[in-house]
Amino acid sequence: MRRKHLLLLLILPVLLCSSGCGSSSLVWANYRQLEQLQLTQTIGIDRDGAGVCLSISTGKPMEGEAPMRMSQAAPSLQLAMNRLQDYTANASLFYAHTRYVVIGQSAAETGIAPYLDFVERDVAMRLSAPLFIVYDATAQHAILNTGGEKTDITENLSALEQDVSRQGNGHAFTCGEIAQGLASAGSALACAVVCVPSEEQNAGDETILPYGYGILKDGKLAGFLPGELAIGVNVLLNLGGHGDVLLQDAQGAAVTVALDTTKAGFTPVWNDDGSLQCVEVSVTARAAVTELSQPQEITDPAYLDQLDQALADTLRGWIEAILSQSQTLQADFLGIGQQIATQSPNKWAKIRPDWNRILPETVFRISVTGLVERTFDLQDSIGVTGGAS
């Protein structure tokens, strides 16, 4: 019995090393000494004739070092990576820590499917990396010109990702989320950015700002939803955020409110023959007054009613514009079909093959309820007349 136990103990380590998990060989194949690695944190992709142009940035450098930015054209992304490595003889470019993927507008208009496919297949890349589309510029331009000697596009994108989430005027969808949307609905949204001259860096340096959403249809960029429409998209997708909305009261005075909580839903209404009669779009939005251009008695219920209606009318205008673009492009980037499928799976199965044809003809009944409240315990505007009327 002792011999059997001894034999088992000798065999067990061998079995563990050769187990079906099989990850050990892959780990060792990818192993590099830390000091030999150059971590790539942002990659940019553009078209270059029949091939591609790959641009990379290493992110925030070590103390006293400038970010490394490089760009190389090649017939494929893998070959571009190899060529970039040829120019980096003192270190190995390491892509497993890539935080962001940036695609130029022209490349996105040609189609992003090959790039998503590469991210999915490459062992070092991650589908959890957010994807951005550069409005009216190349990814190469954005990567090589954003930041200065101490910062780069990675820091800019990190701050922007948090800002759009907080302000409600965008959302950094990941490569995986975009791929899933394209696979299930043929449409998806990607966060869009625009390059502008920086006021904080040296002359010639640029920064990037939010530009709403890029609309992807059949894997190709089909249009943009900029500015305030991006806030409307977030409301319809229940993405949260506290977007600032400029309203006008009945006297024409400007009033700024901040969205607090919003709730949106799509409900299908069917005819007796099983055809889609319409889709009811319901939105409820609560907001707080943050700024008054003129002193007002905001405790007056009649005045708050004015603001309620102004908020509802503003959101309705955004929603109508968003739905109109969805119908014009035949792009269900809001996932309306998925919501119909969840509520009426059997009826959806019958219209699903014709959804792209039905969507442009669909009647949307939009109902928006706005509720504007005063800010915390603040009531009427601060008096400045000393009590004089």
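The structure displayed is predicted, hence computed values, not measured ones.

Now for the overall build of the protein. A count of helical and extended segments in the protein gives 13 helices and 14 strands. The buried share of the protein, taken over its 389 residues, is 44%. Taking as baseline every contact in the protein between residues at least 6 positions apart, the subset at least 24 positions apart corresponds to 68%. Approximately 20,700 Å² of the protein is accessible, and the part contributed by carbon and sulfur atoms is 52%.

A few words on unusual backbone geometry. The backbone phi angle of D136 is positive, close to 55°, even though this residue is not glycine. On the secondary structure map, D136 appears in the loop between β7 (131–134) and α6 (139–145). We note that D218 has phi near 55°; this positive angle belongs to a residue other than glycine. For D218, the location among the structural elements is in the loop between β9 (206–217) and β10 (220–225).

Under the counting rule described, the total for this entry stands at six aromatic pairs. Centroid distance Y100 to F132: 5.8 Å. Interplanar angle 65°. Geometry classified as edge-to-face. Taken together, the residues span a long stretch of sequence, with Y100 in strand β6 (residues 100–104) and F132 in strand β7 at a distance of 32 residues. The same class applies to Y100 as to F132, namely buried. With a centroid separation of 5.4 Å and an interplanar angle of 70°, the aromatic rings of W348 and W355 are classed as edge-to-face. Each of the two residues, W348 as well as W355, counts as buried.

Once that is clear, we can look at the pattern of salt bridges. Applying the stated criterion across every chain, the model contains four salt bridges. Put simply, R166 and D163 hold a salt bridge, and the shortest N to O gap is 2.5 Å. Here the residue R166 and the residue D163 both occupy positions in helix α7 (residues 153–167), the gap between them amounting to three residues, near one helical turn. A residue is classified by how much of its surface remains accessible, and R166, at 48% relative accessible area, is partly exposed.

Interaxial distance between helix α9 (residues 228–236) and helix α10 (residues 301–329) falls to 9 Å at its minimum, and their mutual angle equals 85°. Between α9 and α10, the interaxial angle falls into the category roughly perpendicular. For the pair formed by α9 and α10, the contact residues are E228, L229, I231, G232, V233 and L236 on the first element and W318, I319, A321 and I322 on the second. For the contact of α9 with α10, the per-class residue count stands at eight nonpolar, one polar and one charged.

What follows covers the confidence of the model for the protein. As a note on interpretation, predicted positions should not be read in detail where pLDDT is low. The share of residues in the protein with pLDDT of 70 or more is 84%, and the mean pLDDT across the chain is 86. In this model residues 2–35 is a low-confidence stretch, pLDDT under 50, and it forms four contacts with partners more than four residues away in sequence or in other chains.

What follows deals with helix α5 (residues 113–121). Those residues of α5 not exposed but buried are Y115, L116, F118 and V119. The buried residues of α5 all sit within an arc of 155° when viewed along its axis, so they share a single face. What points out from α5, more than 90 degrees from its buried face, is the exposed set P114, E120 and R121.

Turning our attention to the sheet that holds β7. One open sheet holds the eight strands; their spatial order is β4-β3-β2-β6-β7-β8-β9-β10, and the pairing between them is mixed. What marks the edges here is a single partner per strand, and that holds for β4 (69–74) and β10. The mean inter-strand angle of the sheet, taken between neighbouring strand axes irrespective of direction, is 30°. Most of the contacts of α9 go to β9, to which it runs at about 55°, and overall it touches β8 (187–197), β9 and β10.

A few words on the sheet that holds strand β13 (residues 276–292). Spatial strand order, β11-β12-β13-β14: four strands in an open sheet with mixed pairing. A strand with exactly one partner marks an edge of an open sheet, and here the two such strands are β11 (244–248) and β14 (364–373). Taking each pair of neighbouring strands and ignoring which way they run, the sheet shows an average axis angle of 35°. Pairing geometry for β13 and β14, over 10 bridges, is parallel. Paired with S282 across the two strands is S367, which belongs to β14. Helix α11 (residues 336–343) contacts β12 (254–270), β13 and β14 of the sheet and is inclined by roughly 50° relative to β12.

Across the seven residues of strand β3 (residues 51–57), seven count as buried, placing the element largely inside the fold. Note that β3 and β4 share six bridges and pair antiparallel. Its bridge partner being in β4, V52 is matched across the sheet by A74.

Of note, N145 is situated in helix α6. Spatially, the C-alpha atoms of N145 and R69 are 9.3 Å apart, while their sequence positions differ by 76 residues. For N145, the contacting residues outside a window of four places in its chain are D205 and E206.

As for its position among the elements, Q105 is in helix α4 (residues 105–110). Those residues in contact with Q105, other than ones at most four positions away along the chain, are I133, V134, Y135, D136, A137, L221 and F224.

Parameters at a glance
Residues numbered from 1 in each chain as written. Predicted model: local features only at pLDDT ≥ 70, side-chain atom pairs only at ≥ 80, totals over all residues. Heavy atoms only, no water. Helix = DSSP H or I, 4+ residues; strand = E, 2+ residues; numbered from the N terminus. Buried < 20%, exposed > 50% of the residue type's maximum accessible area, 1.4 Å probe, protein only. Contact = heavy atoms within 4.5 Å. Areas by Shrake-Rupley, 256 points an atom, 1.4 Å probe, with all protein chains shown as cover. Phe/Tyr/Trp six-rings, centres within 6.5 Å; stacked < 30°, edge-to-face > 60°. Salt bridge = Lys/Arg side-chain N within 4 Å of Asp/Glu carboxyl O. Axes fitted to C-alpha atoms, helices over the stretch in contact; angles between N-to-C directions. Parallel < 35°, antiparallel > 145°, perpendicular 65-115°, else oblique. Nonpolar A, V, L, I, M, F, W, Y, C, P; charged D, E, K, R; others polar. pLDDT = per-residue confidence, 0-100. Arc of directions from axis to C-beta. Pairing = 2+ DSSP bridges.

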